[in-house]
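This is what each chain is made of:
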2 protein chains.
Amino acid sequence: MPFSFPELVHPIVQAPMAGGPSTPELTASVCEAGGLGFVAAGYRTAEQLQADIARVRELTAAPFGVNLFSVTDALVDRVALDRYAEKLQPLARRYGVRLGEPRFDDDAFESKLALVCAERVAIVSFTFGCPSTEVLGRLHANGIAAWVTVTEPGEGEAATHAGADALVLQGVEAGGHRGTFEDIDGRGEIGLLALLRLIARSNELPLVASGGIADGPGIAAVLAAGARAAQIGTAFMRCPEAATSAAHRDALGGQGPTALTRAFSGRRARGIVNPFIDEHNAYAPTAYPHVHYLTAPLRSAARGRGDPEAINLWAGQAHALVEQRPAGELVRQWSADASAAIEQARRNLMSGD
Amino acid sequence: MPFSFPELVHPIVQAPMAGGPSTPELTASVCEAGGLGFVAAGYRTAEQLQADIARVRELTAAPFGVNLFSVTDALVDRVALDRYAEKLQPLARRYGVRLGEPRFDDDAFESKLALVCAERVAIVSFTFGCPSTEVLGRLHANGIAAWVTVTEPGEGEAATHAGADALVLQGVEAGGHRGTFEDIDGRGEIGLLALLRLIARSNELPLVASGGIADGPGIAAVLAAGARAAQIGTAFMRCPEAATSAAHRDALGGQGPTALTRAFSGRRARGIVNPFIDEHNAYAPTAYPHVHYLTAPLRSAARGRGDPEAINLWAGQAHALVEQRPAGELVRQWSADASAAIEQARRNLMSGD
């Protein structure tokens, strides 16, 4: 018996954005406005995550979610990794940093899982793969709903089988990392509307739609296509509550095209095209999180200088729409605009009756 | 002063599908059901097009559109073309055919333009580029509305400037050729929902949304996102009125993934992945319609044998949803389902009030 979908004033979920933009303040603001906030556990230690959860609870009594990475240790091509590191050496010298040590880690999965179970957060969502039935069972035993991010129908079936309570459908439009279980070119690169319809026709779990949604009509669209809620990331990145770096904020809302690339992390992710992508995309190996650690000092140095040329400027395809307003205002505005958009669509369809 | 958008009983446009599937019978069936049918002029002679238009007019008194290719003669890499022809030789021998002569032609643009002006069809849409203001002016002078297919915001601005009366927004989900003005990797590969919102915010022309729409909730979604109508291609390809080849019909509605490829025509197009794409995609040159003519005998031979391995199985990302039913039934069903989907979305949004 799956856990029921949370009752939300507005059918809007704040996407967890690991690696900087997410903050407890952003999570709480969205919750307080009547949406569903998420804490991004990725790249945090279990202790930091515990502090984040505690801080959200200081700011709101509303339920919220925590997103965990479920990364598996796939075989990587060490020779390709070494070659990639060589290619990055001139840039490292230019920024005056040493490249990081490429390595695997599972983002402290077990400690974080134990923590969210102990904390009994309302929802735990997973990205990069589907945990085992046993892991989802541990969440259920602690009264926690389990959501799994999927990018194609087969992943949706696997997650449903494993016991997921809801699916987060990530369209190819989405900013940041693809949640695709296996990082293979072309795999899980489906437009959000098509993905929604392909999964909705044979799956009765609640579906949360994400990817390229940045305003009220976009939310209305995914609800019309059968989603229970819209998950939005990029469009929260310029909120005052977000910890997005200055150079990243400046790039959002502009006309820059985005692309999928493994150049920053070794896993396909969508970001605004910049010189780092232009130069290194072609030969970046499939090796996550190895390449993430390799490039971390470079990206950090670039962020420190406010230099967008070597930052992973994660952004969804609709980033030109992103506004600089408090998260709560956005949630309320989007919901009102979504209602107006639905009314307009209803009139369009009725005119033919 | 732009031409007004046609009054439609159902906000559904049948996408022109050049190269086989489109027939006057399909066009007329959609029109008779209260949608808007299109005649695909591509790859037809002006005489054949004239006969197609006459046949549609025998079958329906409703207005319909004609789609013209607006191809420009870009520089192609002759060496790459020759190498590609060499790579295809073994397959040509296997099928017992000679490869075609790779060449440019403009699909008889001027004759077809003169014809549609003389025939005073209701709407002419363009694919592969935006015609000049002068060409659009000729249509207007003959009482014809001009629609232009676009795949990114910049193309939308150019078409608006040139005098288009409506924009057909083609999301990356769409089957068949990308309408992108310049065929460059990554250019115009935006998910439909994001594309709609990016263009709708600054453009007041009526927008027709296409790409991966194959059912009523999909239609409802694009209307909610601001489209005046949904354009649907793939989901009409298994209709009895369509002339889709048998092997192509069989592949539609299955689970096969799709990919963008230049292997068949020298221009990015989306089809169901088959051995021809697997083998030849990596080195297929950018040379349209040269490669189209080069591979035509191969594709024709494969179709004749009912062999899907070397056919261009054009299909949008939602092709698994495609049903085998008469076009008029589909139009009516989709419209009813779209209304129900809008009603469901309205209830979802209201529950928070």
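Above this note sits the structure.
Residues numbered from 1 in each chain as written. Chains lettered and ligands numbered in written order. Predicted model: local features only at pLDDT ≥ 70, side-chain atom pairs only at ≥ 80, totals over all residues.

Novice: Teacher, can you tell me more about the relation of the copies chain A and chain B here?
Specialist: Relating one copy of the chain to the other takes a rotation about an axis and a shift parallel to that axis. The two copies are related by a screw operation: chain A maps onto chain B through 180° of rotation and 0.0 Å of translation along the axis, at an RMSD of 0.0 Å. Taken together, the rotation and translation relating the two chain copies correspond to the operation of a two-fold axis. Taking C-alpha positions as the reference, the residue of chain A nearest the rotation axis is Ala221 of chain A, at 2.0 Å. Counting the interface residues of chain A, we find that 100% of their copies in chain B are interface residues as well, pointing to one common contact surface. (Least-squares fit on C-alpha atoms with pLDDT ≥ 70 in both. Contact = placed C-beta atoms within 7 Å.)

Novice: Where do I start with the sheet that holds strand S8 (residues 207-210) of chain B in this structure?
Specialist: Strands pair in a sheet through their backbones, by hydrogen bonds, and they do so in one of two ways: parallel or antiparallel. Residue and element names in this part refer to chain B. Taken in spatial order, the 8 strands make up an open sheet running S1-S9-S8-S6-S5-S4-S3-S2, and their pairing is parallel. The sheet is open, and its two edges are formed by strand S1 (12-14) and strand S2 (38-40), each paired on a single side. The sheet shows a mean angle of 25° between the axes of neighbouring strands, taken without regard to direction. Sheet topology places S2 next to strand S3 (residues 65-69); 3 bridges connect them, and they run parallel. Counted as the bridge partner of Ala40 is Asn67 from S3. (Pairing = 2+ DSSP bridges. Helix = DSSP H or I, 4+ residues; strand = E, 2+ residues; numbered from the N terminus. Axes fitted to C-alpha atoms, helices over the stretch in contact; angles between N-to-C directions.)

Novice: Can you walk me through the nonpolar core in this structure?
Specialist: Core analysis: the biggest nonpolar cluster contains 230 residues, and Leu196, Val222 and Ala224 of chain A together with Leu196, Val222 and Ala224 of chain B have the highest contact counts within it. Counting contributing residues per domain, this core is built from domain 1 (1-71 + 106-244 + 324-353) and domain 2 (77-105 + 253-314) of chain B, each supplying no fewer than three. Those residues in contact with Val222 of chain A that sit more than four places away from it in its chain are Leu192, Leu196, Ala209, Ile213, Ala227 and Ala230 of chain A together with Ala221 of chain B. (Core = buried A, V, L, I, M, F, W, Y, C linked by C-beta atoms within 7 Å. Buried ≥ 20, exposed ≤ 12 C-beta atoms within 10 Å, placed from the backbone. Domains from an automatic or database assignment.)

Novice: When you look at helix H8 (residues 216-224) of chain A in this model, what are you seeing that I'm missing?
Specialist: Residues that lie three or four places apart on an α-helix share one face, since the helix turns once every 3.6 residues. All names here are of chain A. Counting buried positions along H8 yields 9 of 9 residues, so the element is predominantly enclosed. The complete set of buried residues in H8 reads Gly216, Pro217, Gly218, Ile219, Ala220, Ala221, Val222, Leu223 and Ala224. Of the residues flanking the end of H8, it is Gly226, one or two places downstream, whose phi is positive at about 110°.

Novice: Sorry if this is basic, but what is going on with the packing of helix H3 (residues 78-95) of chain B against helix H11 (residues 290-305) of chain B here?
Specialist: The angle between the axes and the distance between the axes are what describe a pair of packed helices. Residues and elements named next belong to chain B. Here H3 crosses H11 at 10°, and the two axes come no closer than 11 Å. In terms of their interaxial angle, H3 and H11 are classed as roughly parallel. Seen from H3, the contacting residues are Leu81, Tyr84, Ala85, Leu88, Leu91, Ala92 and Tyr95; seen from H11, they are His290, Val291, Leu294, Thr295, Leu298, Ala301 and Ala302. Each residue belonging to the contact of H3 with H11 can be placed in one class, and the counts come to 12 nonpolar, 2 polar and no charged. (Parallel < 35°, antiparallel > 145°, perpendicular 65-115°, else oblique. Nonpolar A, V, L, I, M, F, W, Y, C, P; charged D, E, K, R; others polar.)

Novice: Looking at this structure, how should I read helix H12 (residues 327-350) of chain A?
Specialist: For H12 of chain A, built from 24 residues, the straight-helix expectation of 34 Å at 1.5 Å per residue is met to within 8% by its first-to-last C-alpha distance of 34 Å. Three or more residues of H12 of chain A are buried, namely Ala327, Leu330, Val331, Trp334, Ser335, Ala338, Ala341, Ile342, Ala345, Arg346, Asn348 and Leu349 of chain A. Contacts made by the buried residues of H12 of chain A are with strand S1 (12-14), helix H1 (24-33) and H8 of chain A together with helix H8 (216-224) and helix H12 (327-350) of chain B. (Expected span 1.5 Å × (residues − 1).)

Novice: Mind showing me how you'd approach the pairing of strand S11 (residues 269-272) of chain B here?
Specialist: Regular strands have side chains that alternate between both faces of the sheet. Residues and elements named next belong to chain B. Here strand S7 (residues 176-177) runs beside S11; their pairing, made up of 2 bridges, is antiparallel. The residue bridging Gly176 from the neighbouring strand is Arg270, located in S11. When strand S10 (residues 258-261) meets S11, the two strands line up antiparallel, connected through 4 bridges. From the neighbouring strand, Thr261 faces S11, where its bridge partner is Ala269.

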